[in-house]
Amino acid sequence: MKTKSRIKTMTTIAVSTAIISLLGPHAIPIPFSPAPIALCMFGIYIAAYALGSKLALAATGIYLLLGLAGVPVFSPKAGVGPSAFAGATGGYLIGYLPLAFFAGLFIEKFEKNYKMHVVGIVIGLAICYALGAPWLAHVMHYENFWVGLVNGVLIFLPGDVLKIILAMVVGIPLRRALKRI
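A brief report on the enclosed structure follows. What you see is a predicted model; the values in this text were computed from it and never measured.

Turning next to the side chain of serine 21. Tracing the sequence through the fold places serine 21 in helix α1 (residues 3–23). Here threonine 17 takes part through its backbone oxygen, which lies 2.8 Å from a polar atom of the side chain of serine 21. Setting aside its immediate chain neighbours within four residues, serine 21 contacts Tyr63, Leu66 and Val73.

Working definition: two side chains of opposite charge can pair if their charged atoms are close together. A full pass over the atoms with the stated rule returns three salt bridges. Between lysine 179 and glutamate 111 there is a salt bridge; the shortest N-O distance is 3.7 Å. Taken together, the residues span a long stretch of sequence, with lysine 179 in helix α8 (residues 157–180) and glutamate 111 in the loop between α5 (90–109) and α6 (114–140) at a distance of 68 residues. Through salt bridges with shared partners, a single network forms among Glu111, Arg175 and Lys179.

The next thing to look at is the packing of helix α3 (residues 53–68) against α5. Closest axis-to-axis distance for the α3/α5 pair is 7 Å, and the angle between their directions is 160 degrees. It follows that α3 is roughly antiparallel to α5 by the angle criterion. Once α3 is placed against α5, the crossing between them reads as right-handed. Across the interface between the two elements, Ser53, Ala56, Leu57, Thr60, Gly61, Tyr63 and Leu64 of α3 pack against Leu93, Tyr96, Leu97, Ala100, Phe101, Gly104, Leu105 and Glu108 of α5. Across the contact of α3 with α5, the residue classes tally to ten nonpolar, four polar and one charged.

This part takes up the nonpolar core. Counting 47 residues, the largest nonpolar core has Met41, Tyr45, Tyr63, Phe74 and Tyr96 as its most contacted members. Elements with a minimum of two residues in this core: α1, α2 (40–51), α3, α4 (82–86), α5, α6 and α8. If one sorts the elements of this core by residue count, α2 sits on top with ten residues. With residues up to four places along the chain from it excluded, the contact list for phenylalanine 74 reads Gly24, Pro25, Tyr63, Leu64, Gly67, Leu68, Gly79, Ala84, Phe85 and Leu93.

So, about the packing of α2 against α8. When two helices pack together, their arrangement is given by the angle between their axes and by how far apart the axes lie. Relative orientation of the contacting elements α2 and α8 amounts to 30 degrees, with a least axis distance of 8 Å. As judged from the angle between their axes, α2 and α8 are roughly parallel. The way α2 lies across α8 gives a crossing that is right-handed. Taking contact as the criterion, the partners of Met41, Phe42, Tyr45, Ile46, Ala48, Tyr49, Ala50 and Leu51 in α2 are, on α8, Asp160, Lys163, Ile164, Leu166, Ala167, Met168, Val170, Gly171, Ile172, Leu174, Arg175 and Leu178. Counted by class, the contact of α2 with α8 contains 16 nonpolar, one polar and three charged residues.

Analysis parameters
- Residues numbered from 1 in each chain as written.
- Predicted model: local features only at pLDDT ≥ 70, side-chain atom pairs only at ≥ 80, totals over all residues.
- Heavy atoms only, no water.
- Helix = DSSP H or I, 4+ residues; strand = E, 2+ residues; numbered from the N terminus.
- Polar contact = N/O pair within 3.5 Å; in protein donor to acceptor, adjacent residues only side chain to side chain.
- Contact = heavy atoms within 4.5 Å.
- Salt bridge = Lys/Arg side-chain N within 4 Å of Asp/Glu carboxyl O.
- Axes fitted to C-alpha atoms, helices over the stretch in contact; angles between N-to-C directions.
- Parallel < 35°, antiparallel > 145°, perpendicular 65-115°, else oblique.
- Left-handed = near helix turned anticlockwise from the far one by under 90°.
- Nonpolar A, V, L, I, M, F, W, Y, C, P; charged D, E, K, R; others polar.
- Core = buried A, V, L, I, M, F, W, Y, C linked by side-chain atoms within 4.5 Å.
- Buried < 20%, exposed > 50% of the residue type's maximum accessible area, 1.4 Å probe, protein only.

Structural data, given as structure tokens:
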């Protein structure tokens, strides 16, 4: 890899990590759920557009490591350090990794097929929810699967649709611009 290309890659990873980290603490609380609407997911979608699968995974991993180390990059409800991963949102935090990877993979593989971008994001999001909702139900001692499904997935879907649309509006031209650099 040429030096200019390496610098561009490292800079894009750093900026993507910074965007995710800046959006992370700005979650929208939901009164009846311990998990807020996470704005950092929008940052992960943007990282997927900017970087593709492996490097978006790296940026998201760095974000999680920063939070694990105690840097306040998660939503205030999640907490800081290792306790954030043990709390109600811990499963979602781990789920950010496959979210970044699958969103980036489908964006890379289907560059101009925007419907497939949505498919990749939704696959990653489904995996994130599959990890997050059961953990939320476990930590919150929900009495059944349906309570966990409602409080851990269904209430977030309208916001997810909006974040995906906004990510495509920003991400598609961003990806084009980064390819020209």
